[in-house]
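Understanding the architecture of this molecule
Next come the chains, spelled out residue by residue.
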Amino acid sequence: MRVEHHTARLGVKGTSKVAAACVVFHMKQAIVLGGSMAGLVTAGVLAKHYGRVTVVEQDVLPESVEQRRGAPQGRHAHGLLAGGGRALEELFPGLSDELRRDGAVPADVARDLRWFHEGGCLARFRSGLDGFLLSRPLIETAVRRRVKALPNVRFLEGQRVDGLMATANRSRVVGVRIGGEELSADLVVDTTGRGSQTPQWLEMMGYRKPVEERVEVALAYTTRLFRWRPEHLNGDGAAVIPSTPEGKVGGVMLRQEGERWIVTLIGHFGHQAPEDLAGFIEYARHLPAPYIYEVIRHAEPIGEACSARFPASVRRRYERLDRFPEGYLVMGDAICSFNPKYGQGMTVTALEGKALDECLAEGGERLAQRFHRRAAEVVDIPWAIAVGNDLRMKETVGPRSLGVRFINWYMAQLHKAAHEDAVLSMAFHQVANLLAPPQSVMAPGIAWRVARHALFPRQRREPAKLSEASL
Ligand SMILES: Cc1cc2nc3c(=O)[nH]c(=O)nc-3n(C[C@H](O)[C@H](O)[C@H](O)COP(=O)(O)OP(=O)(O)OC[C@H]3O[C@@H](n4cnc5c(N)ncnc54)[C@H](O)[C@@H]3O)c2cc1C
C-alpha cells in the first residue's frame with residue numbers, strides 16, 4: 001500500500017509516533033501544511049473524516065496568547081466578522097463562550113461599533129450581528145486549543161515543509177518532504193498562506209500554475225497599543241474610519257482583551273503612519289474623522305509600534321485548472337489574500353472550512369475540483385466587495401467596468417442615507433459581515449430607500465425602524 005511504503009521511509013525528527021500509528025492502524029492520513037487559522041480550521045474539519053491528521057508548522061507554537069514569527073499580521077488589528085464568528089462557532093461549538101472567558105469583548109456590530117462613512121456615522125441599533133473584539137493571537141490560541149484537544153490530530157512544530165511527494169506518473173500527491181525526510185498521506189492540504197509554494201510545486205510536477213489575479217493597493221499599516229479607559233469613545237468598542245479615495249489615510253481602533261485599544265493606521269500609495277508616538281498621533285489627526293485622534297492623544301501608550309506593507313490583493317484561480325493532482329488541496333490565504341482593511345481573511349477561512357466539510361461528506365471523488373470550485377464561490381463575494389471598493393482610488397490598478405463605477409456611486413449614496421436609516425445601515429452590515437450577498441443591497445426595498453435619500457437629501461424623515469427591512 002502506497003501510504004505504508006512511504007511511511008516506511010519516514011524519518012523526520014519527532015515524527016516516529018505518527019509513523020508508527022499509521023503503520024499499525026492502517027488509517028487514512030491527512031497532512032495540513034501550516035498551523036495558522038486556515039491550518040487549524042482545516043485540521044478540525046479533517047479530524048472528522050481522517051483517522052490521523054498531522055499539522056506541520058514551521059513555528060514552535062506558543063502555549064499562551066503570544067505573537068509568533070510565522071503570523072506577523074497578528075500584531076495588527078484583526079476584526080472577526082459576524083459571519084466568521086458564526087462559522088467558527090459551527091465548526092467548534094462552544095468557542096464563543098471560551099473566547100468570552102478568555103477576555104474577548106462581545107460586541108453588536110451595529111450598536112457598539114462606530115462606523116464612519118461618507119462624512120458621518122452609520123445609524124446605530126441592536127442588530128443581532130454579534131461578534132468579538134479581540135487580538136489575533138487570542139482567537140488563534142483558542143482555536144488551536146480546540147484542535148490540539150482532538151485525539152487524532154498531531155502537531156509537528158518547528159518543521160518546515162520543503163516540497164511534495166507524488167506517484168511516479170505525478171497524478172497523485174502522496175506526502176510531503178520535511179528537511180530531506182518524507183511523510184506520507186492520503187490527503188495533503190496547503191494552508192501556508194500568501195507565500196504558498198503550490199504554484200511552483202505544481203509546475204515542477206508538470207502541471208500549469210493557476211492564473212494569479214493581483215490588485216495593487218500599496219497599503220501600509222502601522223499599529224500601536226494604548227490603555228483602554230471606560231470613558232473613551234463614550235463607551236463604544238471601536239471606531240472604524242476607512243480611507244477615502246481622495247485622502248488615502250484611514251484607521252481602526254478596536255478594543256481587545258486586557259483593557260487595551262489596538263490602533264492600526266493605514267495609508268495607500270505612499271502614505272504611511274510613522275512609528276514614533278508623536279508622529280503616529282499627528283497622522284491620526286488627519287483621518288476623515290477625529291475619533292481615534294481624540295482618544296490616543298491623551299491615552300497611555302503600551303509598548304512599541306510595528307508596521308507592515310501589503311502591496312496587493314492576490315487571488316489564485318485553482319478552480320480554473322483543468323488538471324490538478326489527486327490527494328491535494330489549497331486553502332485560506334494560499335488561495336486568496338485580501339486587502340486586510342476589510343477584515344475578511346479569517347471569515348473566509350472558516351467558510352472554506354465548512355465547504356470542505358460538505359465536500360468530504362459527499363465523498364472523495366474529484367475532491368480537489370469540487371472543493372476549489374466551492375472555495376471560489378466563497379471567495380467571489382468578499383473579493384468583489386474588496387476589489388470593487390479598492391477601485392475607488394484612481395491609483396488602484398484593475399479593470400473599471402461601468403458596473404463597478406455604478407456600484408461604488410450607489411454604495412456612497414447608501415452610506416450617506418444610512419447615517420439616519422437603520423434599514424440601510426443593516427443592509428450594509430449584513431453584506432460587510434459576509435452574511436448576505438452584495439446584490440442584497442440592490443433589492444427593490446433597499447434601492448428605493450437609497451433613491452429617496454439621494455433625490456430628497458434634505459427632507460427630514462423619521463429614523464427608519466428595522467422591522468421595515470426585508471433582510
Ligand atoms: C496586516 C494584516 C491584517 C489582517 N487583518 C485581518 C482582520 O482584521 N480580519 C481577518 O479576518 N483577517 C485579517 N487578515 C488576514 C488573516 O490574518 C488571514 O486570512 C488568516 O490568518 C488566514 O491565513 P492562513 O492561515 O491561510 O495563512 P497565514 O496566517 O499566513 O499562516 C500560514 C502559516 O503557515 C506557516 N508556514 C508557512 N510556510 C510553511 C512551510 N513551508 N512549512 C510549515 N509551515 C509553514 C506559517 O508559519 C503560518 O503559521 C489580516 C492579514 C494581514 C496581513
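Conventions and cut-offs
Residues numbered from 1 in each chain as written. Predicted model: local features only at pLDDT ≥ 70, side-chain atom pairs only at ≥ 80, totals over all residues. Helix = DSSP H or I, 4+ residues; strand = E, 2+ residues; numbered from the N terminus. Rg over C-alpha atoms; globule rule 2.2 N^0.38 Å. Buried ≥ 20, exposed ≤ 12 C-beta atoms within 10 Å, placed from the backbone. Pairing = 2+ DSSP bridges. Axes fitted to C-alpha atoms, helices over the stretch in contact; angles between N-to-C directions. Core = buried A, V, L, I, M, F, W, Y, C linked by C-beta atoms within 7 Å. Contact = placed C-beta atoms within 7 Å. Domains from an automatic or database assignment. pLDDT = per-residue confidence, 0-100. Near = placed C-beta within 6 Å. Nonpolar A, V, L, I, M, F, W, Y, C, P; charged D, E, K, R; others polar. Parallel < 35°, antiparallel > 145°, perpendicular 65-115°, else oblique. Left-handed = near helix turned anticlockwise from the far one by under 90°. Expected span 1.5 Å × (residues − 1).

1. Let's talk about the overall build of the chain
- A tally of helices and strands in the chain yields 14 helices and 18 strands.
- Relative to the globule expectation of 23 Å for 471 residues, the C-alpha radius of gyration of the chain, 23 Å, shows essentially globular dimensions.
- The principal-axis extents of the C-alpha atoms in the chain amount to approximately 75 × 45 × 40 Å.
- Residue burial in the chain is summarised as follows: out of 471 residues, 49% are buried.

2. Some thoughts on the sheet that holds strand 2 (residues 52-57)
- Pairing is parallel across the open sheet formed by five strands, whose spatial order is 7-2-1-11-17. For this open sheet the edge positions go to strand 7 (153-157) and strand 17 (328-330), each flanked by a neighbour on one side alone. Taken pair by pair, the neighbouring strands of this sheet meet at an average axis angle of 20 degrees, ignoring direction.
- Bridge analysis of strand 1 (residues 29-33) against strand 2 gives five bridges, and the strand direction is parallel. Pairing of Gln29 across the sheet is with Arg52, part of strand 2.

3. Observations regarding the sheet that holds strand 5 (residues 120-121)
- With mixed pairing, the eight strands of this open sheet are ordered in space as 5-4-13-14-15-12-16-18. Of all strands in the sheet, those with a lone pairing partner are strand 5 and strand 18 (336-337), marking the two edges.

4. Quick notes on the pairing of strand 8 (residues 161-166)
- As paired elements, strand 8 and strand 9 (residues 173-178) share five bridges and run antiparallel to each other. What sits directly across from Gly163, in strand 9, is Arg177.
- Taking the residues that link successive antiparallel strands as the turn, the strand 8-strand 9 hairpin has six residues, and the phi of Arg170 there is positive, at about 65 degrees.

5. Regarding the pairing of strand 16 (residues 301-316)
- Two strands pair when backbone bridges link them, and strand 12 (residues 212-227) and strand 16 are joined in this way by twelve bridges, in the antiparallel orientation. Residue pairing across strands places Glu216 opposite Ala312, the latter belonging to strand 16.

6. A word on the nonpolar core
- In this structure, Val188 and Ile292 are the most contacted members of the largest nonpolar core, which totals 137 residues.
- Residue contributions to this core peak at nine residues, all from helix 11 (residues 367-390).
- Among residues more than four places away in sequence, those in contact with Ile292 are Ala239, Ile241, Gly251, Met253, Val263, Ala284 and Leu287.

7. What about the domain arrangement of the chain?
- Split by domain assignment, the chain resolves into domain 1 (2-67 + 141-211 + 317-385), domain 2 (216-312) and domain 3 (402-468).
- For domain 2 and domain 3, the distance between their C-alpha centres works out to 27 Å.

8. Section: the confidence of the model for the chain
- When the pLDDT values of the chain are averaged, the result is 91; 92% of them are 70 or greater.
- The low-confidence segment residues 460-465 (pLDDT under 50) makes seven contacts with residues lying over four places distant or belonging to another chain.

9. Focus on the site of the ligand
- Contacts to the ligand come from 37 residues, most closely from Gly34, Gly70, Gly193, Gly332 and Gly345.
- Counting residues per element, the ones that place at least two in the shell around the ligand are helix 3 (37-46), strand 2, strand 16 and helix 10 (345-362).
- Tallied by class, residues from the shell around the ligand come to 13 nonpolar, 19 polar and five charged.

10. A few points about the packing of helix 5 (residues 95-102) against helix 6 (residues 136-148)
- Axis separation between helix 5 and helix 6 bottoms out at 10 Å; the angle between their running directions is 130 degrees. Overall, the two elements helix 5 and helix 6 adopt an arrangement that is oblique. For the pair helix 5 and helix 6, the sense of crossing is right-handed. Together, Leu95, Glu98, Leu99 and Asp102 of helix 5 and Leu138, Ile139, Ala142 and Arg146 of helix 6 make up the contact between the two elements.

11. Some details on unusual backbone geometry
- Residues other than glycine seldom take positive phi values, yet Glu118 does so here, at roughly 50 degrees.
- Mapped onto the elements of the fold, Glu118 is located in the loop between strand 4 (113-117) and strand 5.
- Its identity is not glycine, yet Ala218 carries a phi of approximately 40 degrees, on the positive side.
- Position of Ala218 relative to the elements: it lies in strand 12.

12. Some words on the packing of helix 13 (residues 422-432) against helix 14 (residues 444-455)
- The contact between helix 13 and helix 14 brings their axes to 10 Å, and the two run at 125 degrees. If you check the angle between helix 13 and helix 14, you find them oblique. The two elements helix 13 and helix 14 meet at a crossing, and its hand is left-handed. Of the residues in helix 14, those touching helix 13 at Val423, Leu424 and Ala427 are Ile446, Arg449 and Val450.
- Counted by class, the contact of helix 13 with helix 14 contains five nonpolar, no polar and one charged residues.

13. Concerning the environment of Asn152
- Locating Asn152 in the fold gives a position in the loop between helix 6 and strand 7.
- A sequence separation of 171 residues divides Asn152 from Arg323, and the C-alpha atoms of the two residues are 31 Å apart.
- Setting aside residues up to four positions removed in sequence, Asn152 forms contacts with Ala47, Gly51, Arg52 and Val53.

14. A short note on the environment of Ile302
- For Ile302, the location among the structural elements is in strand 16.
- With 128 residues separating them in the primary sequence, Ile302 and Val174 have C-alpha atoms 48 Å apart.
- Those residues in contact with Ile302, other than ones at most four positions away along the chain, are Leu225, Phe226, Arg227 and Arg260.

15. Here we look at helix 10
- With 18 residues, helix 10 extends 26 Å between its outermost C-alpha atoms, agreeing within 8% with the 26 Å of an ideal straight helix rising 1.5 Å per residue.
- What helix 10 keeps buried is the set Gly345, Met346, Thr347, Val348, Thr349, Ala350, Leu351, Glu352, Gly353, Ala355, Leu356 and Cys359.
- Just past helix 10, the residue Gly363 takes up positive phi, approximately 120 degrees.

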